[in-house]
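Coordinate inspection notes
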Amino acid sequence: MKFFYAILFFLAAFSQLKAQNIKVLNSVTKEPVFGVAIYNVDKTKSVITNFLGEASLDEFTETEIIYFKHLSHILKQLSKNQLASSNRVYLESNTQGLDEIVISASKFEQNKRDIPQKIVSINSENIQFYNPQTSADVLENTGQVYIQKSQMGGGSPMIRGFSTNRLLITVDGVRMNNAIFRGGNIQNVISIDPFSIQNTEVTLGAGSVIYGSDAIGGVMSFYTQQPQISLADSLLFKANVILRYASASNENTGHLDFNLGYKKWAFLSNISYNDFGDLRMGSHGPTEYLRPEFALATSTGDVIIQNNNPLVQKPTGFQQVNLMQKVLFEPNANLSFNLGLFYTTTSNYSRYDRLIRYKNDVLRSAEWNYGPQNWFMSNLQITKLSSQSNLYDKIKATIAYQNFQESRMDRDFQSSTRNVREEAVDAYSLNLDFEKNIASKTQFFYGTEYVYNKVRSYGTEENISTNTTTSTVSRYPNGSSWQSAAAYTSIKYKPNVKFVFQSGLRFNYVTSFANFSENNQYLNLPFNTSKTEASALTGTAGLRWSPNPILQWKLNASSAFRAPNIDDVGKVFDSEPGSVVVPNNNLRPEYAYGGELGLKLDFNNSFILDMSTYYTYLDNALVRRDFSLNGETEIMYDGTLSNVQAMQNASKAWIYGFEVGLKVAISKALQLTSQYSVVGGTEVEDDIEVPVRHAVPNFGNTHLVYANKGFKLDAFVAYNNELSFNQLAPSEIEKDYIYELDANGNPYSPSWYTLNIRSQYQLTDATTLTASLENITDQRYKTYSSGIASAGRNFILSLKYSM
């Protein structure tokens, strides 16, 4: 290793003899700043810093003024003479974020300050510091996304009272939502490797104008790392190796990525492996969460095993592999081809909330597993710039194919029958997006989208005693399809720096087809096929007004929709013990109408107060309600007499909330931040108003952050209010086995808090050590609606080495 460093030192010294290389660093964190544009006054000379923050100033003269510009830093100017013998340039962060660029609002780069909606961003530097185990944890660290977990391999986001298929997930601009995204909790977001993320943007509120169906409560946009072209004649090679350990789940994680950059071609490879053990909960909290015993299948039959440590939630461990390959080709400055290949797979993992249910004082299930969750995506994006076209200044064409595979396997205690459901979705999509500056003050965005999903679904029963298999009803109608075609337009008008107006419209046509012939031999539905057609016109209008440097107002109104998918129309599954959901071919889209008002007070970056309030009305809401099948309200399903239910347009809901954020710069190196969210809402059930299921408890966090000379420290507290029995939705009350019981024996979600500390230290230019101690006081708690208890005291250690 010493020999290796000696060679690096020799090469660095040799390069200094040949050229004047500089390194651009953040003035507080001392970390390299990538993508700094360095140019002279008339921009006839320019270079860009690489991932190490390095660039050559050879083409600049000794006396001319050189400008250093970066989106998240303050513009700096100096001459080569002023640099003298130093090869370091320090840029100050623009803590106000005025120049922060976001993409998700229009699919093209825009100044975040101009967007009427609230967008929360988190970049790769913050992700590295937060040390998230999954991308669900990345979202949770924004402080404004609530995460529910049914099992260790879980993470279902909730935003402003909405969740699951009323939220949209995109990866590099491609929608991840598919035809079987369900209304129950989902965990597809964990298929996105947090190590591969360059930036995440969370749009709070409706996004149907740009993204179509499902984007009612918010849009979670993940943008992955991009290959880097070499700006010199030599190969640009960069690599990162990361190792991580976490004590609460005995996690062992390894990651490797490397970039090969040439003049016109670049390649980025990324691989991650996670091995999670059984999760240990905290020692101080509700006794209802303990795991005193668990079921185990043996060669002689199922047995109940006493847990020698009731704090350990058995079984919850699993493994995951994430692969990503990117290829970039830039034949010239105005044209690029970007190919992305993604593959993620998991081992089997237990659905823990189903394993803790009891029936007649005995554990109900001997096994309840999700099979490997597999996700593959190939995504080709072609970007072309043109200053002469009357139709566009920039065009993006995105062609994508995705394959989703998931399965479920469950068996009752001491039963010989294992129920297996297997699903796969092939998803094809084509997007054409255009940007055009039609005047100095007006930008025009427009585009089209086509999406096609094909669903395959199979059901079997396995007899573990005789090793025989028989077919049974599948979860979805096999061979069903879902299609969406849309066109949208959006305009941005900015007459001056104080005022911005944005508005847009989208027309969407959605159709689905399902054939129930295979399942009708088990269900005897009154129909063999189902075809739904729906169209929707949605719009948005908003403005941002800054009458002075202190005050900023934002006002936005929008409409959104969600068209019924195959999960709504044709699913057959046990929604809860003793109930089964059956298909319904008479469904219509649900619509949301909402508004948001925001106020930001900024006193010269030293004190920032950001507040917003919102209201959403959901009409024609698709909800699960009691149903009858051929006049019967109960049928046999998987050996159990079950109450019949179906998805129906049987409700409406009112969602409202308030959010406040605070940032105080105590000194240049020390700052205090805090965030608090209040969510409420009701929906109609049996002609009365009841609490909305996904209106989470009031929650927030407060951070005290110190950063100086390559060292960063964050001491923070996360807190969550109580939801009493009367505040729980009826569907949550039915799941009393996941909650604590109050003095009257009724389920409720108790309040909780955690004390935490994170630190990061740059040992060398190439080596970074990150250490965290979470839940210091070892609290035993569950986030709202979660089946699994969160981690107890958890020590996380990560080491990153960059080349």
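Residues numbered from 1 in each chain as written. Predicted model: local features only at pLDDT ≥ 70, side-chain atom pairs only at ≥ 80, totals over all residues. Heavy atoms only, no water.

A word on the sheet that holds strand β6 (residues 76–78)
One open sheet holds the four strands; their spatial order is β3-β2-β5-β6, and the pairing between them is antiparallel. The open sheet has two edge strands, β3 (46–48) and β6, and neither has a second partner. Along the sheet, successive strands turn relative to each other by an average axial angle of 20°, direction set aside. (Pairing = 2+ DSSP bridges. Helix = DSSP H or I, 4+ residues; strand = E, 2+ residues; numbered from the N terminus. Axes fitted to C-alpha atoms, helices over the stretch in contact; angles between N-to-C directions.)

Some remarks on the packing of aromatic side chains
Considering all chains together, one arrives at 25 aromatic pairs under this definition. For the pair Y39 and Y67, a centre-to-centre distance of 5.6 Å together with 15° between the ring planes defines the contact as stacked. Of this pair, Y39 sits in strand β2 (residues 37–39) while Y67 sits in strand β5 (residues 66–69), placing them 28 residues apart in sequence. Residue Y39 is classed as buried on the basis of its relative accessible area, which comes to 13%. A ring pair is formed by F329 and F337, whose centres lie 6.1 Å apart and whose planes are at 25°; its orientation type is stacked. Classification of F337 by relative accessible area gives partly exposed; the value is 29%. (Phe/Tyr/Trp six-rings, centres within 6.5 Å; stacked < 30°, edge-to-face > 60°. Buried < 20%, exposed > 50% of the residue type's maximum accessible area, 1.4 Å probe, protein only.)

Some remarks on the side chain of R693
Turning to its location among the elements, R693 is positioned in the loop between β47 (688–691) and β48 (699–708). Judged by its relative accessible area of 18%, R693 is buried. One polar contact links R693 to E732, side chain to side chain, over a distance of 3.3 Å. When sequence neighbours within four positions are dropped, the list of residues in contact with R693 reads G183, G184, N185, A729, S731, E732, K735 and Y784. (Polar contact = N/O pair within 3.5 Å; in protein donor to acceptor, adjacent residues only side chain to side chain. Contact = heavy atoms within 4.5 Å.)

Things to note about the pairing of strand β46 (residues 670–685)
Looking at chain direction, strand β45 (residues 640–665) and β46 are connected through 13 bridges and run antiparallel. Across the sheet, A653 pairs through a bridge with E683, a residue of β46. Hairpin connection from β45 to β46: four residues lie between these consecutive antiparallel strands. Two strands pair when backbone bridges link them, and β46 and β48 are joined in this way by eight bridges, in the antiparallel orientation. Its bridge partner being in β48, L670 is matched across the sheet by Y706. Taking the residues between adjacent antiparallel strands as the criterion, β46 and β47 are bridged by two residues, where D686 takes a positive phi near 55°.

Quick word on the pattern of salt bridges
Under the criterion given, the structure shown has 37 salt bridges. Between R351 and D353 there is a salt bridge, and its shortest N-O distance comes to 2.8 Å. Side by side, R351 and D353 carry an identical accessibility label, which is buried. One salt bridge in this structure joins R411 and E367, with 3.0 Å as the shortest N-O distance. Within this pair, whereas R411 is found in strand β32 (residues 394–412), its partner E367 is found in strand β30 (residues 365–370), the two being separated by 44 residues in sequence. Take R411 and E367: they sit in the same class, and that class is buried. A single salt-bridge network, built from bridges that share partners, covers D302, E367, R411, R418 and E462. (Salt bridge = Lys/Arg side-chain N within 4 Å of Asp/Glu carboxyl O.)

Comments concerning the sheet that holds strand β7 (residues 88–91)
The sheet built from three strands is open, its strands ordered β4-β1-β7 with mixed pairing. For this open sheet the edge positions go to β4 (54–56) and β7, each flanked by a neighbour on one side alone. Here the strands of the sheet are splayed against their neighbours by 30° on average, with no regard to which way each runs. Strand direction decides the pairing type here: strand β1 (residues 21–26) and β4, joined by three bridges, are antiparallel. If you follow N21 over to β4, its bridge partner there is S56.

Focus: empty space enclosed by the protein
Under the defined criterion, the tally for this structure stands at 15 cavities of 30 Å³ or more. In this structure, the largest cavity spans a volume of roughly 290 Å³. Considering the residues around the largest cavity, the lining is formed by 24 residues, among which A105, Q117, V209, I210 and T540 are closest to the centre. Where the lining of the largest cavity is concerned, the elements lending two or more residues are α5 (208–211), β37 (499–515), β38 (529–545) and β39 (551–562). Sorting elements by how many residues they give to the lining of the largest cavity places α5 first, with four residues. Of the residues that constitute the lining of the largest cavity, the class distribution is ten nonpolar, 14 polar and no charged. Within this model, the second largest cavity holds a volume of roughly 170 Å³. In this structure, the second largest cavity is lined by 21 residues; those nearest its centre are G205, A206, S558, G594 and T616. (1 Å grid on protein atoms, 1.4 Å probe; cavity = no way out; pocket = protein on both sides within 12 Å on 5 of 7 lines; lining within 4 Å. Points joined across faces, edges and corners; volume = space filled by probe spheres on them. Nonpolar A, V, L, I, M, F, W, Y, C, P; charged D, E, K, R; others polar.)

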